[in-house]
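# A closer look at the structure
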2 protein chains.
Amino acid sequence: MKTLIVFNHPYGGSYCGAILDAVVKGLKKGGQQYRIINLDQDDFDPVMRTKDLIAFAGAGRAGEDALDAVDDQVKRYKKDLEWAEHLVMIFPIWWMTMPAMTKGFVDKVIFPAIAYNMDKGKLVSRLNISRVTIITTMNTPAEVYRDMFNNAIEGSLVNGTFRKIGIDDIRWISLNGVKTVTKEQRIEWLNGIKQQFAEGR
Amino acid sequence: MKTLIVFNHPYGGSYCGAILDAVVKGLKKGGQQYRIINLDQDDFDPVMRTKDLIAFAGAGRAGEDALDAVDDQVKRYKKDLEWAEHLVMIFPIWWMTMPAMTKGFVDKVIFPAIAYNMDKGKLVSRLNISRVTIITTMNTPAEVYRDMFNNAIEGSLVNGTFRKIGIDDIRWISLNGVKTVTKEQRIEWLNGIKQQFAEGR
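Residues numbered from 1 in each chain as written. Chains lettered and ligands numbered in written order. Predicted model: local features only at pLDDT ≥ 70, side-chain atom pairs only at ≥ 80, totals over all residues.

### Focus on the overall build of chain A
Helix and strand counts for chain A come out as seven helices and seven strands. In sequence order, chain A lays out its α and β elements as β-α-β-α-α-β-α-β-β-β-α-α-β-α. Dimensions along the principal axes, computed over C-alpha positions, put chain A at roughly 55 × 40 × 30 Å. Residues counted as buried form 44% of the 201 residues belonging to chain A. (Helix = DSSP H or I, 4+ residues; strand = E, 2+ residues; numbered from the N terminus. Buried ≥ 20, exposed ≤ 12 C-beta atoms within 10 Å, placed from the backbone.)

Below you can see the structure in the form of structure tokens.
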């Protein structure tokens with residue numbers, strides 16, 4: 001599957017950076033095509049401005065012709081999305097949800113006439129992406145994240161975004177307690193990820 | 001109570017804009033002091049950059065001395081937060097959670113040595129804010145937002161942010177189906193909000 005990786009972490013030496021490396025190594029091993037969007041390196045602007053709001057309303061009604069006003073960066077990302085069959089998102093969980101940059105990617109790129117069209121009030125994907133894999137890091141234990149913090153990323157990104165535009169095959173790999181687990185565990189996770197992508201899973 | 005309003009919507013004529021007006025009218029009627037942070041008008045940068053990550057680690061260890069590198073805007077917001085007793089956040093729910101700008105406010109302003117200090121691994125508020133009111137708009141019905149989308153904003157912002165730094169009195173006013181309810185309902189909501197803030201509730 002043609003894989004598009006959307007990466008967000010301001011520090012390349014982070015564990016998220018190591019995850020990106022593991023995904024890429026796996027894809028290479030499996031002989032798969034891939035592209036990377038590095039939001040931080042691209043200095044992506046995550047803010048929805050008035051022009052974006054107007055483009056949003058226009059694109060929902062009139063389609064691609066209304067996309068003139070969106071950022072050039074977003075137009076480039078549109079081509080990557082149209083190329084991809086598998087979307088991989090890698091980011092840290094901060095304050096129990098995604099960083100602003102990843103949220104801005106959702107707001108400005110999972111956009112009408114880019115990622116989906118409106119059909120009688122329903123959102124329908126216009127992409128070839130049939131699988132989404134979300135890989136997150138956090139220090140909170142998985143049970144606490146579920147019981148106290150409502151698995152917020154599942155609500156907003158898995159169900160509230162990708163399932164909402166009609167993608168069914170969505171995997172969320174949550175790596176919990178990254179700072180407190182052993183070094184061996186951290187290496188094991190990376191090896192598991194590499195293997196998974198090498199096998200095209 | 002001295003009230004600090006943090007507002008985020010790119011279109012002033014939005015229903016969120018009308019909510020801001022209602023809050024301000026209520027506070028004026030009640031003779032209360034208030035300040036407004038308008039994130040969009042301030043062109044606030046929500047992105048955590050490498051310098052912010054370094055300041056975050058430094059401020060967690062060494063306190064205010066490590067804040068030099070944060071944005072001047074954030075330093076100004078710090079003074080507003082230190083002044084406030086009641087924090088009001090107004091924003092739309094997009095893709096089941098807050099816009100990037102509001103998320104960036106959380107990432108960069110609910111920050112060590114600004115909003116809280118670290119005490120033996122626990123987060124402890126350093127502010128006089130004893131109450132937080134979050135007012136959101138969305139088109140999704142309340143039951144659907146709870147059952148399918150996990151009340152994501154409760155998980156991340158109510159419990160995952162403000163309760164986490166030790167604030168107990170947190171109210172979340174969720175206005176659902178803003179586009180589909182009657183005009184009378186929309187006006188009734190605004191009157192209720194105005195009244196609530198006039199009475200200092």
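### Concerning the sheet that holds strand β7 (residues 169-176) of chain B
Residue and element names in this part refer to chain B. Here five strands make up an open sheet; going across it, the order is β2-β1-β3-β6-β7 and the pairing parallel. Among the strands making up the open sheet, the edge pair consists of β2 (34-38) and β7. When strand polarity is set aside, the average angle formed by the axes of neighbouring strands in this sheet is 15 degrees. Across eight bridges, strand β6 (residues 131-138) lies against β7 in parallel orientation. Counted as the bridge partner of Arg131 is Asp169 from β7. (Pairing = 2+ DSSP bridges. Axes fitted to C-alpha atoms, helices over the stretch in contact; angles between N-to-C directions.)

### Points about the nonpolar core
By size, the foremost hydrophobic cluster in this structure holds 122 residues, and its most contacted members are Ile90(A) and Ile90(B). When sequence neighbours within four positions are dropped, the list of residues in contact with Ile90(A) reads Ile5(A), Phe7(A), Cys16(A), Ile19(A), Leu20(A) and Ile135(A). (Core = buried A, V, L, I, M, F, W, Y, C linked by C-beta atoms within 7 Å. Contact = placed C-beta atoms within 7 Å.)

### Let's talk about the sheet that holds strand β1 (residues 3-7) of chain A
Residues and elements named next belong to chain A. Strand order in this open sheet of five strands is β2-β1-β3-β6-β7, and the pairing throughout is parallel. At either margin of the open sheet sits one strand with a lone partner, and together these are β2 (34-38) and β7 (169-176). Adjacent strand axes in the sheet meet at a mean angle of 15 degrees when their direction is disregarded. Helix α1 (residues 15-29) rests against β1, β2, β3 (86-92) and β6 (131-138) of the sheet, and its axis sits at about 160 degrees to β3.

### Topic: the packing of α1(A) against helix α7 (residues 183-198) of chain A
All names here are of chain A. It is the contact of α1 with α7, at a shortest axis distance of 7 Å, that shows an interaxial angle of 35 degrees. As α1 packs across α7, the resulting crossing turns out to be right-handed. Within the contact between the two elements, α1 uses Tyr15, Ala18, Ile19, Ala22, Val23, Lys25, Gly26, Leu27 and Lys29 and α7 uses Arg186, Leu190, Ile193, Lys194, Gln195, Gln196, Phe197 and Ala198. In terms of residue class, the contact of α1 with α7 is built from ten nonpolar, three polar and four charged. (Left-handed = near helix turned anticlockwise from the far one by under 90°. Nonpolar A, V, L, I, M, F, W, Y, C, P; charged D, E, K, R; others polar.)

### With respect to unusual backbone geometry
All names here are of chain A. The backbone of Trp95 sits at a positive phi, close to 50 degrees, despite the residue not being glycine. Here Trp95 is to be found in the loop between β3 and α4 (100-109). The class of Trp95 is partly exposed, set by 18 C-beta atoms lying within 10 Å. One non-glycine residue, Met96, adopts positive backbone phi at about 70 degrees. Position of Met96 among the secondary structure elements: in the loop between β3 and α4.

### Digging into the interface of chain B and chain A
Across the contact, 30 residues belong to chain B and 30 residues belong to chain A. Secondary-structure elements contributing two or more residues to the side of chain B that touches chain A are α2 (50-62), α4 (100-109) and α6 (152-162) of chain B. For the side of chain B that touches chain A, the leading source of residues is α6(B), giving seven residues. Class assignment of the residues belonging to the side of chain B that touches chain A gives a composition of 16 nonpolar, ten polar and four charged.

### Section: the relation of the copies chain B and chain A
At an RMSD of 0.0 Å, chain B and chain A line up after a rotation of 180 degrees and a shift of 0.0 Å along the axis. The symmetry that links the two subunits is that of a two-fold axis. Here 100% of the interface residues in chain B have copies in chain A that are interface residues too; the copies meet face to matching face. (Least-squares fit on C-alpha atoms with pLDDT ≥ 70 in both.)

### Re the environment of Ile135(A)
Residue and element names in this part refer to chain A. Within the fold, Ile135 resides in strand β6. For the pair Ile135 and Pro92, spaced 43 residues apart in sequence, the C-alpha to C-alpha distance is 8.4 Å. Aside from chain neighbours lying at most four places away, what touches Ile135 is Ile19, Val88, Ile90 and Ile173.

### Things to note about the pairing of strand β5 (residues 122-125) of chain A
Residue and element names in this part refer to chain A. Inspection of the sheet shows strand β4 (residues 116-119) paired to β5 by four bridges, in the antiparallel sense. Bridge pairing links Asp119 to Lys122 in β5. Counted between consecutive antiparallel strands, the loop separating β4 from β5 contains two residues, among which Lys120 sits at a positive phi close to 50 degrees.

### A short note on α4(B)
In terms of burial, α4(B) is largely enclosed, as ten of its ten residues are buried. Within α4(B), burial applies to Ala100(B), Met101(B), Thr102(B), Lys103(B), Gly104(B), Phe105(B), Val106(B), Asp107(B), Lys108(B) and Val109(B). Where α4(B) is buried, its residues meet α4 of chain A together with β1 (3-7), α2, α3 (72-83), β3 (86-92) and α6 of chain B.

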